[in-house]
Amino acid sequence: MELIMVFKALSNETRINILIWLKEPRLHFPAEELQDYDANLGVCVSDITKKAGLSPSTTSDYLSLLQKCGLIEATRVGQWTYYKRNEGAIETLNNLIQKAF
């Protein structure tokens, strides 16, 4: 895990919010958007884009950065991409922070 990249990803409020939203999607996204929700897949990029209130390209950039540093995982199904948290990586980060600080 490259900590500089992780901290860069976490230096943006919206990217932090995305991680929070993906932790418990049913609390943060309207039920009608999660009708077909599958915890193994995650949340559709279009739902994240709508919730964030950002353009699709900005949302894509944010998700790409979170994915590159390992905090989220993407799954492509047809034309749609779904995102979920990488809980193992988040736990590793938590442990590293606790030990370092």
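What you see is a predicted model, and the numbers here were worked out from it, not measured in a lab.

Right, let's talk about the overall build of the protein chain for a bit. In terms of regular secondary structure, the protein chain is built from six helices and three strands. Ordering the α and β elements of the protein chain from the N terminus gives α-α-α-β-α-α-β-β-α. In summary, the protein chain has a C-alpha radius of gyration of 13 Å against a globular reference of 13 Å for 101 residues, a match within 12%. For the protein chain, the spread of C-alpha atoms along the three principal axes comes to 40 × 25 × 25 Å. Evaluated residue by residue, the protein chain yields a buried proportion of 35% over its 101 residues. For the protein chain, the share of sequence-separated contacts (at least 6 apart) that also reach a separation of at least 24 residues comes to 53%. Of the roughly 6300 Å² of accessible surface on the protein chain, 50% is carried by carbon and sulfur atoms. Side chains of the protein chain carry 11 positive and 12 negative charges; the gap between the two charge centres is 4 Å.

Right, let's talk about the nonpolar core for a bit. One finds Ile18, Leu22, Ile48, Leu66, Leu71 and Ile72 to be the most contacted residues of the largest nonpolar core, which totals 21 residues. Contributions of two or more residues to this core are made by helix 1 (3-9), helix 2 (13-23), helix 4 (45-52), helix 5 (56-68) and helix 6 (87-100). Not counting chain neighbours up to four residues away, the residues in contact with Ile48 comprise Ile18, Trp21, Leu22, Phe29, Val43, Thr59, Leu63 and Tyr83.

The relative placement of two aromatic rings is captured by the distance of their centres and the angle of their planes. Tallied over the full model, the rule gives one aromatic pair. With a centroid separation of 6.2 Å and an interplanar angle of 80°, the aromatic rings of Trp21 and Phe29 are classed as edge-to-face. Here Phe29 falls in the buried class, since its relative accessible area comes to 4%. Directly above the aromatic system of Tyr62 lies the positively charged group of Arg15, at a separation of 4.9 Å from the ring centroid.

A few words now on the pairing of strand 3 (residues 80-85). For strand 1 (residues 43-44) and strand 3, the ladder comprises two bridges, and the chain directions are antiparallel. Among the inter-strand pairings, Cys44 is bridged to a residue of strand 3, identified as Tyr82. Bridge analysis of strand 2 (residues 72-77) against strand 3 gives six bridges, and the strand direction is antiparallel. Across the sheet, the residue bridging to Glu73 is Lys84, located in strand 3.

Attention shifts here to the pattern of salt bridges. Applying the stated criterion to the full structure yields three salt bridges. Glu33 is the salt-bridge partner of Lys50, the closest N and O atoms lying 3.3 Å from each other. With Lys50 in helix 4 and Glu33 in the loop between helix 3 (25-28) and strand 1, this residue pair connects regions lying 17 residues apart in the sequence. Ionic pairing is found between Arg85 and Glu87, a salt bridge with its closest N-O pair at 2.7 Å. Under the relative-accessibility criterion, Arg85 is labelled buried at 13%. Looking at Glu87, the relative accessible area reads 42%, which means it is partly exposed.

How each quantity is defined
- Residues numbered from 1 in each chain as written.
- Predicted model: local features only at pLDDT ≥ 70, side-chain atom pairs only at ≥ 80, totals over all residues.
- Heavy atoms only, no water.
- Helix = DSSP H or I, 4+ residues; strand = E, 2+ residues; numbered from the N terminus.
- Rg over C-alpha atoms; globule rule 2.2 N^0.38 Å.
- Buried < 20%, exposed > 50% of the residue type's maximum accessible area, 1.4 Å probe, protein only.
- Contact = heavy atoms within 4.5 Å.
- Areas by Shrake-Rupley, 256 points an atom, 1.4 Å probe, with all protein chains shown as cover.
- Lys, Arg positive; Asp, Glu negative; His and termini not counted.
- Charge placed at Lys NZ, Arg CZ, Asp CG, Glu CD.
- Core = buried A, V, L, I, M, F, W, Y, C linked by side-chain atoms within 4.5 Å.
- Phe/Tyr/Trp six-rings, centres within 6.5 Å; stacked < 30°, edge-to-face > 60°.
- Lys NZ or Arg CZ within 6 Å of the ring centre and 35° of its normal.
- Pairing = 2+ DSSP bridges.
- Salt bridge = Lys/Arg side-chain N within 4 Å of Asp/Glu carboxyl O.

On their own, these measurements won't tell you what the molecule is for.
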